[in-house]
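Understanding the architecture of this molecule
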Amino acid sequence: MSRVAWVFDNYQWPVNPETDTGWNSELIIVEHNPIQSSRSVFQYLGTRSARRRITGWMYGLKAEEMRSKFEYWLSTRKVAILKDHLNVSKNAMLVSFTYEIVPDYGMWRQQRPTYRYIAEFVQV
């Protein structure tokens, strides 16, 4: 069975995410507390846009390219289709991206850094 790569902005990820929350949307609830009231008044205003938080690794020959793609998408607020390994496609935007360098001396000697990242996409 072959790997089905994630795709965003027509860029096929060399390494799929390790963890994934799936698309989750939250109910928007506003609570009011009228003066001298013994109960709250709630308004249900719909839902927030669905969000998806992923974590994973960037390593090997494509690590730097993948990291720069994420940084570009974040800085430009790129809106594109995000397709996962199950072929679920949503129009999305990257809203957060953090990474840390992982000490992998074998890869460093080959000038191939390894990163661990956390990214969050929002459906638009």
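Residues numbered from 1 in each chain as written. Predicted model: local features only at pLDDT ≥ 70, side-chain atom pairs only at ≥ 80, totals over all residues. Heavy atoms only, no water.

A separate point is the overall build of the chain. In terms of helices and strands, the chain carries two helices and nine strands. Counting helices and strands in the order they occur from the N terminus, the chain gives β-β-β-β-β-β-α-β-β-α-β. Expected size for 124 residues packed as a compact globule is a radius of gyration near 14 Å; at 19 Å, the chain overshoots this value by more than 25%. Burial status across the chain gives 31% buried among its 124 residues. Across the chain, the fraction of contacts at a sequence separation of at least 24, relative to all contacts at a separation of at least 6, is 62%. Working note: accessible area of the chain is about 8200 Å², and carbon and sulfur atoms make up 50% of it. Of the side chains in the chain, 16 bear a positive and 12 a negative charge, and the two mean positions are spaced by 3 Å. (Helix = DSSP H or I, 4+ residues; strand = E, 2+ residues; numbered from the N terminus. Rg over C-alpha atoms; globule rule 2.2 N^0.38 Å. Buried < 20%, exposed > 50% of the residue type's maximum accessible area, 1.4 Å probe, protein only. Contact = heavy atoms within 4.5 Å. Areas by Shrake-Rupley, 256 points an atom, 1.4 Å probe, with all protein chains shown as cover. Lys, Arg positive; Asp, Glu negative; His and termini not counted. Charge placed at Lys NZ, Arg CZ, Asp CG, Glu CD.)

Across all of its chains, the model carries nine salt bridges by this definition. For the salt bridge of Arg-52 with Asp-20, the shortest nitrogen-to-oxygen distance reads 2.6 Å. Of this pair, Arg-52 sits in strand E6 (residues 51–58) while Asp-20 sits in strand E3 (residues 19–20), and the two are 32 residues apart along the sequence. According to the relative accessible area criterion, Arg-52 is buried, its value standing at 3%. (Salt bridge = Lys/Arg side-chain N within 4 Å of Asp/Glu carboxyl O.)

This brings us to the side chain of Asp-84. Locating Asp-84 in the fold gives a position in the loop between strand E7 (79–83) and strand E8 (89–102). What makes Asp-84 buried here is its relative accessible area of 2%. From its side chain, Asp-84 meets the backbone nitrogen of Leu-86 in a polar contact 2.9 Å long. In this structure the side chain of Asp-84 is engaged in a polar contact, spanning 2.9 Å, whose partner is the backbone nitrogen of Val-88. In contact with Asp-84, not counting residues within four places along its chain, are Val-4, Ala-5, Trp-6 and Arg-52. (Polar contact = N/O pair within 3.5 Å; in protein donor to acceptor, adjacent residues only side chain to side chain.)

Residues in a regular strand point their side chains to alternate faces of the sheet. Taken together, the eight bridges between E6 and strand E9 (residues 114–123) define a ladder with antiparallel strand orientation. The residue of E9 that forms the bridge with Ile-54 is Ala-119. Inspection of the sheet shows E8 paired to E9 by 10 bridges, in the antiparallel sense. Looking at the pairing, Leu-94 lines up with Phe-121 of E9. (Pairing = 2+ DSSP bridges.)

On to the nonpolar core. Counting residues in hydrophobic clusters, the biggest one holds 21 residues, and the most contacted among them are Phe-8, Trp-13, Phe-70, Leu-82, Tyr-117 and Phe-121. For this core, the secondary-structure elements that each account for two or more residues are E6, helix H1 (63–76), E7, E8 and E9. Not counting residues up to four positions away in its chain, the partners in contact with Phe-8 are Trp-13, Trp-73, Lys-78, Ala-80, Ile-81, Leu-82, Ala-92 and Phe-121. (Core = buried A, V, L, I, M, F, W, Y, C linked by side-chain atoms within 4.5 Å.)

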